[in-house]
Amino acid sequence: MTERRARPEQPANNKKHTWRRTTRPTTPPPTAPTTQPPPNTAPSPSPHPAAGIVEAALYRDGVRVATPASLADTFRELREQPDGMAWIGLARPTEAELLSLAAEFDLHELALEDAMEAHQRPKLERYGDTLFVVLRAARYLDAPEEVDFGELHVFVGPDFVITVRHSAAPDLSGVRRRMEESPDLLKLGPEAVLYAILDAVVDGYVPVVAGVQNDIDEIETEVFRGDPEVSRRIYELSREMVEFQRATRPLVSMLHSLMAGFAKYGTDEELQRYLRDVADHVTHTSERVDGFRQALADILTVNATLVTQQQNAEMRALAEAGFEQNEEIKKISSWAAILFAPTLVGTIYGMNFEAMPELRWVFGYPFAVALMGIVCVTLYLVFKRRDWL
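Residues numbered from 1 in each chain as written. Predicted model: local features only at pLDDT ≥ 70, side-chain atom pairs only at ≥ 80, totals over all residues. Heavy atoms only, no water.

A. Quick look at the overall build of the protein. A tally of helices and strands in the protein yields 12 helices and 7 strands. Expressed as a percentage of its 389 residues, the buried residues of the protein come to 39%. In the protein, of all internal contacts separated by at least 6 residues, the share reaching a separation of at least 24 is 67%. Element-wise, carbon and sulfur atoms account for 56% of the exposed surface of the protein, whose accessible area totals about 22,100 Å². (Helix = DSSP H or I, 4+ residues; strand = E, 2+ residues; numbered from the N terminus. Buried < 20%, exposed > 50% of the residue type's maximum accessible area, 1.4 Å probe, protein only. Contact = heavy atoms within 4.5 Å. Areas by Shrake-Rupley, 256 points an atom, 1.4 Å probe, with all protein chains shown as cover.)

B. Examining unusual backbone geometry more closely. Positive phi outside glycine occurs at aspartate 61, with the angle close to 55°. At aspartate 106, a position not held by glycine, the phi torsion is positive, near 55°. As for its placement among the helices and strands, aspartate 106 is situated in the loop between helix H3 (95-105) and helix H4 (109-117). Exposure remark for aspartate 106: the relative accessible area of 44% places this residue in the partly exposed category.

C. Geometry of the packing of helix H7 (residues 190-203) against helix H11 (residues 269-349). At a minimum axis separation of 10 Å, H7 and H11 run at an interaxial angle of 20°. When the interaxial angle is binned, H7 and H11 end up roughly parallel. Remark: the crossing between H7 and H11 carries left-handed chirality. Within the contact between the two elements, H7 uses Glu191, Ala192, Tyr195, Leu198, Asp199, Val202 and Asp203 and H11 uses Leu271, Tyr274, Leu275, Val278, His281 and Val282. Grouping the amino acids of the contact of H7 with H11 by side-chain chemistry returns 9 nonpolar, 1 polar and 3 charged. (Axes fitted to C-alpha atoms, helices over the stretch in contact; angles between N-to-C directions. Parallel < 35°, antiparallel > 145°, perpendicular 65-115°, else oblique. Left-handed = near helix turned anticlockwise from the far one by under 90°. Nonpolar A, V, L, I, M, F, W, Y, C, P; charged D, E, K, R; others polar.)

D. A look at the confidence of the model for the protein. Overall, the prediction assigns the protein a mean pLDDT of 80, with 84% of residues at 70 or greater. Throughout residues 1-51 the model reports pLDDT below 50, and contacts reaching past four residues in sequence, or to other chains, amount to 78 contacts. (pLDDT = per-residue confidence, 0-100.)

E. Inspection of empty space enclosed by the protein at higher detail. Under the criterion given, the structure shown has 1 cavity of 30 Å³ or more. Here the largest cavity is characterised by a volume of approximately 30 Å³. Lining of the largest cavity is provided by Leu124, Val133, Leu194, Leu198, Leu251, Met254, Leu255 and Leu258. Contributions of two or more residues to the lining of the largest cavity are made by H7 and helix H9 (230-260). If you tally residues by element for the lining of the largest cavity, the top one is H9, at 4 residues. Taken together, the residues that form the lining of the largest cavity break down as 8 nonpolar, no polar and no charged. (1 Å grid on protein atoms, 1.4 Å probe; cavity = no way out; pocket = protein on both sides within 12 Å on 5 of 7 lines; lining within 4 Å. Points joined across faces, edges and corners; volume = space filled by probe spheres on them.)

F. Highlighting the environment of histidine 119. Relative to the helices and strands, histidine 119 resides in the loop between H4 and strand E4 (123-127). Remark: the alpha-carbon pair of histidine 119 and valine 134, spanning 15 residues in sequence, is separated by 9.7 Å.

G. Structural view of the sheet that holds strand E6 (residues 146-156). The mixed open sheet is built from 7 strands, whose spatial order is E2-E1-E3-E7-E6-E5-E4. Edge positions in the sheet fall to strand E2 (63-66) and E4, since each has one partner strand and no second. Going across the sheet, the axis of each strand differs from the next one's by a mean of 25°, ignoring polarity. Examined bridge by bridge, strand E1 (residues 53-60) and E2 share 3 bridges and lie antiparallel to one another. Bridged to arginine 60 within E2 is valine 63. Each of E1, E2 and strand E3 (85-91) touches helix H5 (residues 173-180); the most contacted strand, E3, lies at about 165° to it. (Pairing = 2+ DSSP bridges.)

H. Representation of the environment of glycine 373 in the model. Along the chain, glycine 373 turns up in helix H12 (residues 364-385). By relative accessible area, which is 33% here, glycine 373 ends up partly exposed. Separated by 32 residues in sequence, glycine 373 and alanine 341 have C-alpha atoms that sit 8.9 Å apart.

I. Focus on the nonpolar core. Counting residues in hydrophobic clusters, the biggest one holds 59 residues, and the most contacted among them are Leu135, Met179, Ile197, Leu198 and Phe244. Take this core: its biggest share by element is 11 residues, from H9. Judged by nonpolar contacts, the second largest core, of 25 residues, contains Ile53, Ala66, Leu71 and Leu107. (Core = buried A, V, L, I, M, F, W, Y, C linked by side-chain atoms within 4.5 Å.)

J. Examining the packing of aromatic side chains more closely. Summed over all chains, the structure comprises 8 aromatic pairs. Ring centres of tyrosine 195 and tyrosine 274 lie 5.1 Å apart, and the angle between their planes is 15°; this geometry places the pair in the stacked category. With tyrosine 195 in helix H7 and tyrosine 274 in helix H11, the pair connects residues that are 79 residues apart, well separated along the chain. Exposure remark for tyrosine 195: the relative accessible area of 5% places this residue in the buried category. For the pair tryptophan 335 and tyrosine 380, a centre-to-centre distance of 6.0 Å together with 45° between the ring planes defines the contact as tilted. (Phe/Tyr/Trp six-rings, centres within 6.5 Å; stacked < 30°, edge-to-face > 60°.)

K. Fine view of the pairing of E6. Across the 11 residues that make up E6, a large majority, 9, are buried. Across 11 bridges, strand E5 (residues 130-141) lies against E6 in antiparallel orientation. Residue pairing for E6: arginine 139 is matched across the bridge by aspartate 148. Remark: 4 residues form the turn of the hairpin made by E5 and E6, two consecutive strands paired antiparallel; glutamate 145 in that turn has positive phi of roughly 55°.

L. The arrangement of the pattern of salt bridges in detail. Within this structure, the stated rule accounts for 22 salt bridges. We note a salt bridge from glutamate 77 to arginine 76, for which the minimum N-O separation is 3.8 Å. On the basis of relative accessibility, which here comes to 30%, the residue arginine 76 falls in the partly exposed class. Linking arginine 249 and aspartate 290 is a salt bridge whose minimum nitrogen-to-oxygen distance equals 3.2 Å. You can see arginine 249 sitting in helix H9 and its partner aspartate 290 sitting in helix H11, a full 41 residues away along the chain. (Salt bridge = Lys/Arg side-chain N within 4 Å of Asp/Glu carboxyl O.)

Put into structure tokens, the structure is as follows:
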């Protein structure tokens, strides 16, 4: 955790903010007099648009003391609050906004680059006395029955917390309300805000786990029912579980790293207990996700086995049908051959020719009938021996 720097009560010439304020000196407008400006004089406008600012607030002893309307106002009022803490929330900020924050709070260029590009893996890095945390939030969408993943970047310094969201999830407005309703926790400083954000992200995994468990139960039913679309659903859910695993597994080591620094950075004991509780929940969720992946792999194997069995049964049925058809064709062909013999003899003797030796023969007719009978019987015996009849 970051170590909250001591705030000695000294005259205005103390060096508390020198390390980060020198990058953005307060310069009065050229037309303004050198004396104290009148009360209604507005501060110089911020050089960047404020479209990405969700909410910015200053806190002292766990209580909100100011709600600046712009980043410039936030910087100015934070300088005027020697014991204050700024909590700035941004959603899809512009590059100008991030550069302004980097100049004011001395954010490391590598962390700033990650926050601009997004699509980062969950991680925790320390740059001096500033922590940079990347989190992957998740939410379950009931209508399409799929998991939607979001990305959140958090900068935690001695007297500021900056959150940068690149998606709809997570919604940090509830986190802010919860912390403002718990001033005893909020007055612990930026570390407490980081805990609340971690807790909200991890709690968001609970409905996702429940939704995925329900999907797996439905898939098991569809597998044994023989639904032809179940393979595609298994594959899609397996891909989501890979993403879910990438979101949860790094959190385990991240929280253990935070816990390892409790003694070094003097983290409050109550806050330590809260973070350990979050670590337990993350570990449980990570184990559930691992179990889901294994279950889906087993279901896919069972489905492949059932599909193979079904295909074999269909092939066997086709082979049996073909065999039966072949037997019928044999019978038909055999009887056609048997009947063809007398037809051939009868056709020959039915010709209207007078120059045929058998026409004047006394035994011609019996000979023709006997010949047809002998041929038919012979063919029948041959086909019968070959099991065609």
